[in-house]
Amino acid sequence: MSGQGAQDAKFFQRGKIQEFRAELQAAESKDKKFTKRKTVLKKIVANITMGNDMSPLFGDVIQCLGIPSLEIKKMVYLFLVCYGRSKADQIRAVMPNFLQDCEDRNPLIRALAIRTMSYIPAPIVVEELEDPLRHALKDRDPYVRKTAAICVAKLYNADPRKCERNGFVELLRDLLLDTNATVVANAVAALTEIGDRQDGVIFKLNLTVANKLLAAVGESSEWGQIYILDSLLRYVPEKHEDAELMAERVIVQLQHANSAVVLTTIKVLLYLMNYMENRRLMDYICKKMGPPLVTLLSSGPEVQYVALRNILLIIQRRPQVLKNDVKVFFCKYNDPIYVKLAKLEIMYRLAREENAREVLAELQEYASEVDVDFVRKAVRSIGRLAIKVQPAADDCIKALLELIETKVTYVVQEAVIVIKDVFRRYPGRYEGIIPTLCANLDALDEPESKAAMIWIVGQFADRIENADELMDDLTYTFLEEPTEVQLALLSASVKLFIYKSHSDTTKALVHKVLKWATEEVDNPDLRDRGFMYWRLLALSPAAASEVVLAEKPAITTDADRMDRGALDQLLLHTGTLGSIYHKNPETFIRGATASACRARSTRALSTPHPPYCLPGKTARRSPADAGAALAPSASQASTASTSPATQDLLGGEDDGEGEAETEDHDHEDLARAQAVAPASDPYAALDNAFGGHIADAPQHNGDANDDLLF
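Just so it is clear, the structure is predicted and the values come from calculations on it, not from any experiment.

Participant: What should I look at first to understand the overall build of the protein in this one?
Facilitator: When helices and strands are tallied, the protein shows 37 helices and 0 strands. For the protein, the proportion of its 710 residues judged to be buried stands at 53%. Expressed as a percentage of contacts within the protein between residues at least 6 apart in sequence, the contacts between residues at least 24 apart total 73%. Accessible surface computed for the protein: about 32,400 Å², of which carbon and sulfur atoms make up 51%.

Participant: Explain the nonpolar core here, please?
Facilitator: Nonpolar side chains in soluble globular proteins generally cluster together in the buried interior. Ile 44, Leu 80, Leu 133 and Met 289 are the most contacted members of the largest nonpolar core, which has 206 residues in total. If you count residues domain by domain, this core takes at least three from each of domain 1 (461-549) and domain 2 (563-596). Filtering out sequence-adjacent residues up to four positions away, Met 289 remains in contact with Leu 254, Ile 266, Leu 269, Leu 270, Met 273 and Val 321.

Participant: Would you mind showing me how to read the pattern of salt bridges here?
Facilitator: On inspection of all chains with the given rule, the structure shows 31 salt bridges. Between Glu 130 and Lys 162 there is a salt bridge whose closest N-O contact spans 3.1 Å. Of this pair, Glu 130 sits in helix H8 (residues 123-137) while Lys 162 is found in helix H10 (residues 160-165), placing the two residues 32 residues apart along the sequence. For the residue pair Glu 130 and Lys 162, the accessibility class agrees, reading buried in each case. Where Glu 519 meets Lys 515, a salt bridge forms, and the shortest distance between an N and an O atom there is 3.1 Å. One end of the pair is Glu 519 and the other is Lys 515, both in helix H28 (residues 504-519) and 4 residues apart, which spans about a single turn. Taking relative accessible area as the criterion, Glu 519 reaches 51% and is therefore assigned exposed. Each of Arg 376, Arg 380, Glu 414, Glu 446 and Glu 448 takes part in one network of salt bridges that share partners.

Participant: Can you help me understand the packing of aromatic side chains in this one?
Facilitator: Geometrically, a pair of aromatic rings is defined through the distance of the ring centres and the angle of the planes. On inspection of all chains with the given rule, the structure shows 11 aromatic pairs. Considering the side-chain rings of Phe 58 and Phe 79, the 6.1 Å spacing of their centres and the 45 degrees angle between planes classify their relative orientation as tilted. Here the residue Phe 58 occupies a position in helix H4 (residues 58-62), and Phe 79 occupies one in helix H5 (residues 70-83), the gap between them amounting to 21 residues. Residues Phe 58 and Phe 79 agree in their burial class; the two are buried. Plain terms: the ring middles of Tyr 271 and Tyr 275 are 5.3 Å apart, the flat faces sit at 75 degrees to each other, and that makes the pair edge-to-face. The buried category is assigned to Tyr 271, whose relative accessible area is 1%. One cation-aromatic arrangement involves Lys 340 over Phe 374; the distance from NZ or CZ to the ring centre is 5.3 Å. Positioned above the aromatic ring of Tyr 426 is the side chain of Arg 429, whose terminal nitrogen or guanidinium carbon lies 4.9 Å from the ring centre.

Participant: Which parts of the structure should I look at to understand the packing of helix H7 (residues 107-118) against H8?
Facilitator: In helix packing, the relevant descriptors are the interaxial angle and the interaxial distance, both defined with respect to the helix axes. Packing of H7 against H8 leaves a shortest axis separation of 10 Å and a crossing angle of 145 degrees. With respect to the hand of their crossing, H7 and H8 are arranged in left-handed fashion. Counted together, Ile 114, Met 117 and Ser 118 of H7 and Val 125, Glu 128, Leu 129, Pro 132, Leu 133 and Ala 136 of H8 form the full contact between these two elements. Counted by class, the contact of H7 with H8 contains 7 nonpolar, 1 polar and 1 charged residues.

Participant: When you look at the packing of helix H3 (residues 35-49) against H5 in this model, what are you seeing that I'm missing?
Facilitator: Two elements in contact, H3 and H5, have axes separated by 10 Å at closest approach and are oriented at 30 degrees. Our classification of the angle between H3 and H5 gives roughly parallel. Seen from above, H3 lies across H5 with left-handed handedness. Of the residues in H5, those touching H3 at Lys 38, Leu 41, Lys 42, Ile 44, Val 45 and Ile 48 are Glu 71, Ile 72, Met 75, Val 76, Leu 78, Phe 79, Cys 82 and Tyr 83. Of the residues in the contact of H3 with H5, the class split is 11 nonpolar, no polar and 3 charged.

Participant: Even after reading the chapter, I still don't get the side chain of Arg 352, so can you show me in this structure?
Facilitator: Mapped onto the elements of the fold, Arg 352 is located in the loop between helix H19 (337-350) and helix H20 (356-366). The buried category is assigned to Arg 352, whose relative accessible area is 9%. Looking at Arg 352, its side chain comes within polar contact range of the side chain of Asn 324, at 2.7 Å.

Participant: Can you help me understand unusual backbone geometry in this one?
Facilitator: Positioned with a positive phi, Lys 407 is a non-glycine residue whose angle comes to about 65 degrees. Tracing the backbone shows Lys 407 in the loop between helix H22 (393-405) and helix H23 (409-425). Positive phi values are uncommon outside glycine, yet His 582 reaches one of about 60 degrees. Examined against the element boundaries, His 582 turns out to sit in the loop between helix H32 (577-581) and helix H33 (595-598). The class for His 582 is buried, based on a relative accessible area of 15%.

Participant: I'm lost on helix H31 (residues 564-571) in this one. Help?
Facilitator: Given 3.6 residues to a turn, an α-helix orients residues that are three or four positions apart in the same direction. In terms of burial, H31 is a largely internal element, 8 of the 8 residues being buried. Restricting attention to buried positions, one finds in H31 the residues Arg 564, Gly 565, Ala 566, Leu 567, Asp 568, Gln 569, Leu 570 and Leu 571. For H31, the side-chain oxygen to backbone nitrogen distance between the N-cap and Gly 565 is 3.1 Å, and the N-cap itself is Asp 563.

Participant: What is the right way to read the confidence of the model for the protein from this model?
Facilitator: Interpreting fine coordinate detail is not advised for predicted regions of low pLDDT. Counting all residues, the mean pLDDT for the protein is 81, and 80% of those residues have values of 70 or more. Overall, residues 622-664 carries pLDDT values under 50, and its contacts beyond four positions in sequence, including any with other chains, amount to 86 contacts. Segment residues 685-710 is flagged for pLDDT under 50; beyond a separation of four residues in sequence, or across chains, it makes 69 contacts in the model.

Participant: When you look at the environment of Asp 525 in this model, what are you seeing that I'm missing?
Facilitator: Looking at the secondary structure, you find Asp 525 in helix H29 (residues 524-539). Residue class for Asp 525 comes out exposed when judged on its relative accessible area of 53%. Measuring from C-alpha to C-alpha, the distance between Asp 525 and Thr 483 comes to 9.0 Å, with 42 residues separating the pair along the chain.

About the criteria used
- Residues numbered from 1 in each chain as written.
- Predicted model: local features only at pLDDT ≥ 70, side-chain atom pairs only at ≥ 80, totals over all residues.
- Heavy atoms only, no water.
- Helix = DSSP H or I, 4+ residues; strand = E, 2+ residues; numbered from the N terminus.
- Buried < 20%, exposed > 50% of the residue type's maximum accessible area, 1.4 Å probe, protein only.
- Contact = heavy atoms within 4.5 Å.
- Areas by Shrake-Rupley, 256 points an atom, 1.4 Å probe, with all protein chains shown as cover.
- Core = buried A, V, L, I, M, F, W, Y, C linked by side-chain atoms within 4.5 Å.
- Domains from an automatic or database assignment.
- Salt bridge = Lys/Arg side-chain N within 4 Å of Asp/Glu carboxyl O.
- Phe/Tyr/Trp six-rings, centres within 6.5 Å; stacked < 30°, edge-to-face > 60°.
- Lys NZ or Arg CZ within 6 Å of the ring centre and 35° of its normal.
- Axes fitted to C-alpha atoms, helices over the stretch in contact; angles between N-to-C directions.
- Left-handed = near helix turned anticlockwise from the far one by under 90°.
- Nonpolar A, V, L, I, M, F, W, Y, C, P; charged D, E, K, R; others polar.
- Parallel < 35°, antiparallel > 145°, perpendicular 65-115°, else oblique.
- Polar contact = N/O pair within 3.5 Å; in protein donor to acceptor, adjacent residues only side chain to side chain.
- pLDDT = per-residue confidence, 0-100.

Right under this line is the structure:
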């Protein structure tokens, strides 16, 4: 191969149009084996690859189509793919050769001709493509059929109406039951591409077709397996047993060597688990998903990061998958910073009472690293661990105090920020460390840490003897501080006045701060709060005391949890960019649709889907369906509004804080699932999980009157 590559390298030299034309004309004589023309065409293709415009040679190159050589035909067809669109007026001269090659005895040439025609969306080509494509879809050779399947998707892009009127979508669905696995995979890929279009047909599967697709997985290539497995998300189980049997057939793909196949398999299993009631099987599936995910962490840093971002989503929904594998996510010295930060977040998610001591010891080591961002994240994770795991709070506070004693500026500042949250989580428990925090007041120069310290001084002004002196020093630069600090100073000054209302120093301080906030600051939030406090203090100091010092609810880890609807939506995109960004594809890909969920949210389980379309009854999306792809119908919406499973999916919260809470939550899910009729779909109302943001308003291609049931 290397010798052939070295020989082909000589063709990659810039040439002139006149020279190539002259060489082609000279090669017409004394070129029995077509060697000269092959050489010239290789030079032309090499120049196209380098970005040189070879379109003036269109007329000369197409004359080589009649040569009975597969290698020459490949190069000529490649030339036509590149310039066929820009030379639509001259493409008519090539049509006889196209049609002749579509009937050639060699299946490679037949497939090559069909593929090339599908890549040229000129009207005359599209018009002539109909009959050859129909024959190719029923060709005796599987290579031609699998090529024709992809050509249907290309034709649909060029002319959806023509593709539907001629029944190509129905022919494509027939290929789902083909005996050749590659043909099946390509048919699935084509139907998926058509179904992902905003004006495309709705691609659904029933149990019969889904089982046929699963039978083809073992014989398909890696890409084919990914397409087939991903298409299973378009199947909605009508019974719990159907989901369980399908999961048992899919789970063997977790042993695949390809990481994309593994992630796609996990995505399908997570989807099917929402329709299961066999608790033992669900636990078994979660147990089997753990080792493949851990294996992905032995790959390169890029694959590791993709795996870590997906794991972060998975453990929020199913914490038991990796509940005993927290040590796997301990950072290595040579991990890139983005991998370390991702591991740090997963460590916190998996932390519970049983492993809190190990996690804390690891975080303490990270706090002494040299990377500032990593150290900040580690210190903040220690505080979050104290809030999440109550038995570990004492050890976490000791660790934070040890870090404060290091006098490293950014470490002290992060420690102050998280200790403020610890005070809110455990009121009246750790106030004894306040003097230590006050001693490091001069080290705080960032807005967030300074605002946290000011909150502590104001909140515990009755326990800090020199609180008025500290506040006087802090308010000295009030007008130069960021808004975040100014708001904290304003609230803390009022709290100080309420605690020490008889002190003249405190009265002067609060008057000065209120005057600055209402007269010399432009920020409307700060001014409104200043006027509110001033009016409360003037009308009724007692009322102001009740408002400012009212007991706040203890802080929890709820803010760290992703909304259940958004989480389930993202899990349907496991292994894609959406799972890495933790965003719905509609929010960052222009024109993207919620393709995987589109078939699930608009179906009724009581009515099974036919395995094929009826002739002439092409399934198309209406403009309303394209815009609200996940919106259930009126009857389904009423069912979803009263369904406990749906209410749990949209309103419930999976805290993931320890094995006991997770198991209790899953048992509740199971009890609800058993009480719900089979017609309830846990994915029925995910359309608003991301606020309904769509990058582009969908455009409907065609008449509204043509929208028919699939």
